[in-house]
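One letter stands for each residue in the lines below.
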Amino acid sequence: MIDQRALPGTVNYLTCETWRDVAEAIRNLTIRGAPAIGVAAAMGVAIGVARSQKKTRAELAPEFDEICRELAATRPTAVNLFWAIDRMKRLFSSMPDATITEIREAMIAEAKRVLDEDIAICRRIGQHGAALVPASGSLMTHCNAGALATGGYGTALGVIRAAAEQRAVHVFSCETRPVLQGARLTAWELHEDGIPVTLITDNMAGSVLRKGEVGMIVVGADRIAANGDVANKIGTYSLAVLAKENGVPFYVAAPISTLDLTLRSGDDIPIEQRAGSEITHMGGVRIAPEGVAVFNPAFDVTPNRYVAGIITERGVARAPYEESLKRLTTG
Ligand code: MRU
């Protein structure tokens, strides 16, 4: 995997030799973004099984449970992590009489399928979303919901990429304090692709929207509740409120695997709290007084009333989301 912590300065590839390496890479943001975390977790389970010394399925079972449990404990908000691990668990359960070799091969093939499917899903999200992009005006996004955050192509950036195939686009990327996914990753990805991008700090978004230059905002998601409330990178909620105030449609692009219809509303979504040093330090340099109290939630919840539509690989869900999201998952 690309070590996203080193971007945009260095494109370093990290090779994970064990499932514990994968767990650490998810925890420390070497790999991040909901769908990419899911792909990594599926690969982590497959590596764990492939490297296990156990000789029978019965001997492997407790180790398999531990691998799944530990990978699931890496980050709490992105539901794609649990979705991918559950998928690997279902496969394991469906092979009660298999040999270790058969299980190994099946796990590796399934993890590769999770990756390939994710790329195809992003392309479909891109197509559905591109149809919503207005003929004029810039696009705006927050955090990084691009190729780096997925198997490839991206969700929100998939929409932008697909639109860029049809017309000239210009993107405002919010820098996304504190970890700067917008500045380091989105600006890098779009720049590498030759899609014109202008980087702004998060607190400039309102001013830019007020000028009327932005035709649409599109962001990704880490978990979407049954009522359409959306958990995404901290700052997304503020952007959605600013969008409504300025009459700019605010869209969320995410795969069906990001839906968590077991949760009634966004209030039930667990929000990850991360180390205060992400806020008190920048590039390893302290910028806040020693000992100061810090609040560092990595995500916020945007209530459904701010969301113009949820763009999935199966189409665009609109309010009322209880009905439209259920239809997308069952239809
Ligand atoms: O903490 P991160 O960088 O993993 O947070 C990522 C986001 O919030 C993304 O917007 C979200 O996962 C969608 S990625 C397609």
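Criteria and cut-off values
- Residues numbered from 1 in each chain as written.
- Predicted model: local features only at pLDDT ≥ 70, side-chain atom pairs only at ≥ 80, totals over all residues.
- Heavy atoms only, no water.
- Near = heavy atom within 4 Å.
- Polar contact = N/O pair within 3.5 Å; in protein donor to acceptor, adjacent residues only side chain to side chain.
- Areas by Shrake-Rupley, 256 points an atom, 1.4 Å probe, with all protein chains shown as cover.
- Helix = DSSP H or I, 4+ residues; strand = E, 2+ residues; numbered from the N terminus.
- Nonpolar A, V, L, I, M, F, W, Y, C, P; charged D, E, K, R; others polar.
- Domains from an automatic or database assignment.
- Contact = heavy atoms within 4.5 Å.
- Buried area = accessible area lost by both parts, 1.4 Å probe.
- Salt bridge = Lys/Arg side-chain N within 4 Å of Asp/Glu carboxyl O.
- Disulfide = S-S within 2.5 Å.
- Buried < 20%, exposed > 50% of the residue type's maximum accessible area, 1.4 Å probe, protein only.
- Phe/Tyr/Trp six-rings, centres within 6.5 Å; stacked < 30°, edge-to-face > 60°.
- Lys NZ or Arg CZ within 6 Å of the ring centre and 35° of its normal.
- Axes fitted to C-alpha atoms, helices over the stretch in contact; angles between N-to-C directions.
- Parallel < 35°, antiparallel > 145°, perpendicular 65-115°, else oblique.
- Left-handed = near helix turned anticlockwise from the far one by under 90°.
- Pairing = 2+ DSSP bridges.

1. Considerations on the site of the ligand
Neighbouring the ligand are 18 residues, the closest being R32, R75, D222, N232 and K233. A distance of 2.8 Å separates an oxygen atom of the ligand from a polar atom in the side chain of D222. N232 is positioned such that a nitrogen or oxygen atom in its side chain is 2.6 Å from an oxygen atom of the ligand. Burial of the ligand by the protein amounts to 99% of the accessible area it has alone, namely 420 Å². Those elements giving two or more residues to the shell around the ligand turn out to be α2 (34-51) and β6 (230-233). Taken together, the residues of the shell around the ligand break down into 7 nonpolar, 7 polar and 4 charged. Mapped onto the domain boundaries, the shell around the ligand takes at least three residues apiece from domain 1 (19-123) and domain 2 (128-330).

2. Here we look at the domain arrangement of the protein chain
Domain boundaries in the protein chain define domain 1 (19-123) and domain 2 (128-330). Placing the centre of domain 1 and that of domain 2 at their C-alpha centroids yields a distance of 27 Å. If you look at the interface, domain 1 gives 21 residues, while domain 2 gives 31 residues. When domain 1 packs against domain 2, close to 2,000 Å² is buried across both sides, 55% of that on carbon and sulfur atoms. For the pair domain 1 and domain 2, the interface holds 1 salt bridge. The salt bridge partner of R75 is E272, with a shortest N-O separation of 2.8 Å. Applying the counting criterion to the domain 1 and domain 2 interface returns 12 residue pairs in polar contact (both at pLDDT 80 or more). Every element with two or more residues in the side of domain 1 that touches domain 2 is listed here: α2, α4 (79-93) and α5 (100-130). At 6 residues, α5 tops the list of elements feeding residues into the side of domain 1 that touches domain 2. Split into classes, the residues belonging to the side of domain 1 that touches domain 2 amount to 13 nonpolar, 3 polar and 5 charged.

3. Quick word on the state of the cysteines
Under the criterion given, the structure shown has 0 disulfides. Here C122 is not disulfide-linked; the sulfur of C143 is the nearest cysteine sulfur, at 14 Å. Relative accessible area serves as the criterion here: at 1%, C122 is assigned to the buried category. The thiol of C143 is not disulfide-bonded; the next cysteine sulfur, from C174, is found 10 Å away. Look at C143 and you get buried, because its relative accessible area is 7%.

4. Description of unusual backbone geometry
The omega torsion of the bond from L7 to P8 falls at 5°, within 30 degrees of zero and hence cis. By the element assignment, P8 lies in the segment before α1 (19-27). For the bond from R177 to P178, the omega torsion is 5°, close enough to zero to count as cis. Mapped onto the elements of the fold, P178 is located in the loop between β2 (171-174) and α7 (181-193).

5. Some remarks on the environment of V214
Within the secondary structure, V214 is located in strand β4 (residues 214-219). Relative accessible area serves as the criterion here: at 8%, V214 is assigned to the buried category. On a C-alpha basis, the gap between V214 and V45 in space is 42 Å, while along the polypeptide they are 169 residues apart. Discounting chain neighbours no more than four positions away, the residues touching V214 are S138, L139, M140, F172, V208, L209 and V248.

6. Thoughts on the packing of aromatic side chains
In total, this model carries 2 aromatic pairs according to the counting rule given. Centre to centre, the rings of F64 and F92 are 4.1 Å apart; their planes meet at 10°, and the pair counts as stacked. Separated by 28 residues along the polypeptide, F64 in helix α3 (residues 57-72) and F92 in helix α4 bring together distant segments of the chain. Lying across the ring of Y153, R123 places its NZ or CZ 4.1 Å from the centre. Just above the ring of F299 sits the side chain of K233; from NZ or CZ to the centre is 4.3 Å.

7. A word on the packing of α2 against α4
One can describe the packing of α2 onto α4 by two numbers: an axis separation of 7 Å at closest approach and a directional angle of 30°. In terms of their interaxial angle, α2 and α4 are classed as roughly parallel. By crossing handedness, the relation of α2 to α4 is classed as right-handed. Together, A34, P35, I37, G38, A41, A42, V45 and A46 of α2 and N80, L81, A84, I85 and M88 of α4 make up the contact between the two elements. Across the contact of α2 with α4, the residue classes break down as 11 nonpolar, 2 polar and no charged.

8. Considerations on the sheet that holds strand β13 (residues 315-317)
Read from one edge to the other, the open sheet built from 7 strands follows the order β3-β2-β1-β4-β7-β12-β13, with strand pairing classed as mixed. Only two strands of the sheet have a single partner each, and these edge strands are β3 (197-200) and β13. Taken pair by pair, the neighbouring strands of this sheet meet at an average axis angle of 25°, ignoring direction. Of the pairings in the sheet, the one linking strand β1 (residues 138-142) to β2 comprises 4 bridges and is parallel in character. Within β2, the residue paired with H142 across the bridge is C174. Its contacts with the sheet place α7 against β1, β2 and β3, and it is angled at close to 155° to β2.

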